[in-house]
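Below are the chains, spelled out letter by letter.
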Amino acid sequence: MVSKGSRIGMMVAWSAFAVMAAFMVWAFFQEGTLGMYRWGYRAPVLALCALGILPLVVGMVLRHTSMRSLQSQARASGISIFISAVSLVVGLGIAIYLFSNAYGAAVATQPPVLIDPAQGFKLRTGVDGGASFRVALSSDAHYGRDVSNATARSAILRRSQTEYEQGRLDAFFNLGDTVEMGMDASDWKEALTALNLDAPSLPFLMLMGNHDGLIGGGSRWRAAFAPGSGKRGIPAGGLSASSWRMDSGPVHFIALDLLWGPEGFGTKEKDWLSMQLESIPSDEFIVVLSHCFFYSSGYIDEGTGKAWYDHEEMIRDVAPLIEGKVDLVVSGHNHYMEWLETDGSAWAVVGVLGGIPDPEPSYVSPHSVWFKQGVFGRLILELLPEGLACEFQDETGQTLFQKTVTKH
């Protein structure tokens, strides 16, 4: 005969399992969660899964264990109820914390000036009478992390703001990881407050990074930075708020929503990308923007054992669609400055907007042409009559490396 205590224990156990299961389903529907799991951050996920399953296992074992005395049954029921209650409270606590941060009241700070990619930004007239522009790109500011370099980050943005006011810069492209923890409302408040102080009128284009999207952070990111006027901030003709095309004279920017790697980059995304590439004249420039890098020098992460260099899945699944077809790919994710070249395409890594620098690489990509570690800065792209001029600068504006991409 099943005791009342045992029945109560199983009810609480099933409740704990249901709460944890619902939370995990929600979490894996959020941007970047699958990538986080695949890139070595499995322990928290597996621990939560175990916490949800454990009460059921304990309850079933105790329920089917022969116990002669009422005292033993009562003790077993108490153990089951206690474990189930702990699991339920932890599951509810985590869910409430994340939901209240990800979907809570909007951070009451004015977003930066944003460019709608469907509209683009105003072009200048070049010395040859054609269209011209000068934009800055950088990534991985990591607001909300104590070890990030706030001084360098502020210097880069303030320099860009000054150049914009002087008519020497047209826009700033931030390629993701603006904040450290996407689900933490305080990180977003810090980022938005700082952006308004350092660059109050500078026009921005923003991509979502893997840290921005962490477990519900996508909602905060869209509220702050989504560039389009469509549903969920999607620009006209785009696939997501972080995947779109922007035409700037003879230069066409194509943003790809790639956080940790090609997770979620399926047939729909590949067909859309191929259609965009096929529609652009061969004598015009194509620049692809992505948070996640393709080619890069790097290191083995000690915590996960993962290789943070030449991204195997990106190179296998996405690079063949663009390599030799686009002129330049600019990304962040790795906290380096690097210029790489393959047949027909150049690749730039510029994850240097303030996040702590990654260590000296233990692996040097065979495609690397120039590399810099331990500095902060930006990449300047300028459309000139001779081509697309690319210049890496440090936080003071000093030139570190230059290369002009031309059409053959």
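Residues numbered from 1 in each chain as written. Predicted model: local features only at pLDDT ≥ 70, side-chain atom pairs only at ≥ 80, totals over all residues. Heavy atoms only, no water.

(A) Seen up close, the packing of aromatic side chains. Tallied over the full model, the rule gives 16 aromatic pairs. Between the aromatic rings of F121 and F173, the centroid separation amounts to 6.5 Å while the plane-to-plane angle is 65°, which identifies the pairing as edge-to-face. With F121 in the loop between helix 4 (70-102) and strand 1 (124-125) and F173 in strand 4 (residues 171-174), this pair connects stretches of sequence that are 52 residues apart. Accessibility assignment for this pair places F121 and F173 in one class, buried. Here Y336 and F371 contribute two aromatic rings whose centre-to-centre distance is 4.9 Å and whose plane-to-plane angle is 55°, an arrangement assigned as tilted. (Phe/Tyr/Trp six-rings, centres within 6.5 Å; stacked < 30°, edge-to-face > 60°. Helix = DSSP H or I, 4+ residues; strand = E, 2+ residues; numbered from the N terminus. Buried < 20%, exposed > 50% of the residue type's maximum accessible area, 1.4 Å probe, protein only.)

(B) Region of interest: a nonpolar patch on the surface. A cluster of nonpolar residues, W14, F17, I53 and V57, forms a patch on the protein surface that exposes about 350 Å² of accessible area. Secondary structure elements with two or more residues in the nonpolar patch: helix 1 (4-28) and helix 3 (43-63). Turning to its location among the elements, V57 is positioned in helix 3. (Patch = residues over 30% accessible without salt bridge, like charges linked within 9 Å, V, L, I, M, F, W, Y side chains within 5 Å. Areas by Shrake-Rupley, 256 points an atom, 1.4 Å probe, with all protein chains shown as cover. Salt bridge = Lys/Arg side-chain N within 4 Å of Asp/Glu carboxyl O.)

(C) Up close: the nonpolar core. By size, the foremost hydrophobic cluster in this structure holds 69 residues, and its most contacted members are I254, L256, F294 and I322. The contacts of F294, once residues within four sequence positions are left out, are L258, D310, H311, M314, I315, V318, A319, I322, V329, S331 and W347. Judged by nonpolar contacts, the second largest core, of 36 residues, contains M246, A255, V287 and C390. (Core = buried A, V, L, I, M, F, W, Y, C linked by side-chain atoms within 4.5 Å. Contact = heavy atoms within 4.5 Å.)

(D) Region of the structure containing helix 6 (residues 185-198). The end-to-end C-alpha distance of helix 6, which contains 14 residues, comes to 20 Å, matching closely the 20 Å that a straight helix rising 1.5 Å per residue would cover. Those residues of helix 6 that sit buried are A185, D187, W188, A191, L192, A194, L195 and D198. (Expected span 1.5 Å × (residues − 1).)

(E) View of the environment of G126. Tracing the backbone shows G126 in the loop between strand 1 and strand 2 (131-132). Spatially, the C-alpha atom of G126 lies 7.6 Å from that of P385, the residues being 259 residues apart in sequence. Sequence-distant contacts of G126, that is, excluding residues within four places in its chain, are made with A131 and S132.

(F) Region of the structure containing the side chain of H311. On the secondary structure map, H311 appears in the loop between strand 10 (307-308) and helix 9 (312-317). Within the local environment of H311, its side chain forms a polar contact with the backbone oxygen of W260, the two atoms lying 2.9 Å apart. Ignoring anything within four residues of it in the chain, the contact list for H311 reads W39, W260, G261, P262, C292, F293 and F294. (Polar contact = N/O pair within 3.5 Å; in protein donor to acceptor, adjacent residues only side chain to side chain.)

(G) Fine view of the pairing of strand 17 (residues 399-405). Relative to strand 17, strand 16 (residues 387-394) runs antiparallel, the two being bridged by 6 bridges. Directly across from A389, in strand 17, lies its bridge partner T404. The antiparallel pairing of strand 16 with strand 17 creates a hairpin that spans 4 residues between the two strands, and G397 there sits at a positive phi of about 95°. (Pairing = 2+ DSSP bridges.)

(H) Region of the structure containing the packing of helix 5 (residues 150-165) against helix 6. At their nearest, the axes of helix 5 and helix 6 sit 9 Å apart, and the two run at 40° to each other. By the criterion of interaxial angle, the relationship of helix 5 to helix 6 is oblique. Within the contact between the two elements, helix 5 uses R153, S154, L157, R158 and Q161 and helix 6 uses E190, L195, L197 and D198. Looking at the contact of helix 5 with helix 6 residue by residue, the class counts come to 3 nonpolar, 2 polar and 4 charged. (Axes fitted to C-alpha atoms, helices over the stretch in contact; angles between N-to-C directions. Parallel < 35°, antiparallel > 145°, perpendicular 65-115°, else oblique. Nonpolar A, V, L, I, M, F, W, Y, C, P; charged D, E, K, R; others polar.)

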